[in-house]
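Residue-level structural notes
Read off the chains here:
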Amino acid sequence: MRILATITTLAMLSLATTAHAEITGTAALTSDYDFRGVSLSEEDPALQGSIDYAHDSGFYGSIWGSTLDYGPDYDGSIEIDLIAGFAGDTEIGIGWDVGVVYYTYPDSDSSATESEIEDYGEAYFGGSYKMFDAKVWYADDYGDSGDEAWYTELNANFDLPAALTLGLHVGQSFGDY
């Protein structure tokens, strides 16, 4: 999966052109880096950011990063995610999204006292209608464990006064991992 995700990401990036494209970025300081219900920062603050590319064709790519802390038994303090996909909408408001994510931990290395955090890839597909969306994620080798893992999520976003949004999320992990 690691090689497939890398090749797919590079191929998708080579198809996109810079005409009719937008490059944006984000920066955030969070109180906890929570990934699918598990703290990846030992419930401490995390610094996160991204550089995002979106093309009118529906292609998008992103590099996202965060500080992390898996605990005293693991080496590594940075996660970098490489993301590429295609998304679009139909004339009746039904949206779709398909892509890949490759999770990397560039400063993680196993030692006599600490374990390495392993890189891995995931594929995803999803759909949306108005304020609702659903997505399914799949990794055939989750965390380089040899086990497959699935994650499903349902989301709803409601506009509130004062340019605020209420976001609701529910997710479920399952599979061999």
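Right above here is the structure, for reference.
My aim in this report is to walk through the structure given alongside it, one point at a time. Residues take numbers from 1 onward in each chain, read along the sequence in its written order. In keeping with the predicted nature of the model, local features appear solely for residues at pLDDT of at least 70, side-chain atom pairs appear and are counted solely at 80 or more, and the whole-chain, interface and lining totals rest on all residues. Just so you know, side-chain values use all the structure's heavy atoms and leave hydrogens and water out.

Some words on a nonpolar patch on the surface
Note on patches: the residues involved have over 30% relative accessible area and no salt bridge, like charges join within 9 Å, and the nonpolar side chains Val, Leu, Ile, Met, Phe, Trp and Tyr join within 5 Å. Using a 1.4 Å probe, the Shrake-Rupley method yields the accessible areas, and only the shown protein chains count as cover for residues. Salt bridges, as used here, are contacts in which a Lys or Arg side-chain nitrogen is within 4 Å of a carboxyl oxygen on Asp or Glu. Together, Leu-160, Leu-164, Leu-166 and Leu-168 line one region of the surface with nonpolar side chains, adding up to about 350 Å² of accessible area. Numbering of helices and strands runs from the N terminus; a helix is a DSSP stretch of H or I covering at least four residues, while a strand is a stretch of E covering at least two. At 3 residues, strand β13 (residues 164-175) tops the list of elements feeding residues into the nonpolar patch. Of note, Leu-164 is situated in strand β13.

Digging into the sheet that holds strand β12 (residues 149-160)
Strands pair, by our definition, only if DSSP identifies at least two bridges between them. Pairing is antiparallel in the open sheet, where 9 strands are placed in the order β1-β4-β5-β7-β8-β10-β11-β12-β13. Looking at the sheet topology across the chains shown, the edges are occupied by β1 (21-30) and β13. The sheet shows a mean angle of 15 degrees between the axes of neighbouring strands, taken without regard to direction. Axis definition: a line fitted to C-alpha atoms, over the contacting stretch in the case of helices. Angles run 0 to 180 degrees between N-to-C directions.

Considerations on the side chain of Glu-153
On the secondary structure map, Glu-153 appears in strand β12. When accessible area is computed with a 1.4 Å probe and restricted to protein chains, residues below 20% of their type maximum are described as buried, those above 50% as exposed, and intermediate ones as partly exposed. The positive count covers Lys and Arg only, the negative count covers Asp and Glu only, and His and the chain ends enter neither. Buried and without a salt bridge, Glu-153 has Lys-135 as its closest oppositely charged side chain, separated by 5.8 Å. Pairs of N or O atoms within 3.5 Å make up the polar contacts considered here, provided that, within protein, one atom can donate a hydrogen while the other can accept it, and that residues adjacent in sequence are counted only when both atoms are side-chain atoms. Within the structure, Glu-153 has its side chain in polar contact with the side chain of Asn-155 (distance 2.8 Å). Contacts were defined at the residue level, with two residues in contact if any of their heavy atoms lie within 4.5 Å. Setting aside residues no more than four positions away along its own chain, Glu-153 makes contact with Asp-133, Ala-134, Lys-135, Trp-137, His-169, Val-170 and Gly-171.

Overview of the environment of Ala-134
You can see Ala-134 is positioned in strand β11 (residues 132-139). Sequence separation between Ala-134 and Glu-153 is 19 residues, and the spatial gap between their C-alpha atoms is 5.6 Å. Not counting chain neighbours up to four residues away, the residues in contact with Ala-134 comprise Phe-125, Gly-126, Gly-127, Glu-153 and Leu-154.

Concerning the pairing of β11
By the bridge criterion, 7 bridges tie strand β10 (residues 120-129) to β11 in an arrangement that is antiparallel. What sits directly across from Ser-128, in β11, is Asp-133. Linking β10 back to β11 in an antiparallel pair, the connection comprises 2 residues, with Lys-130 at a positive phi of about 50 degrees. In terms of strand pairing, β11 meets β12 through 8 bridges, oriented antiparallel. Directly across from Val-136, in β12, lies its bridge partner Thr-152.

In short, the description is geometric, and any link to function would need to be established separately.
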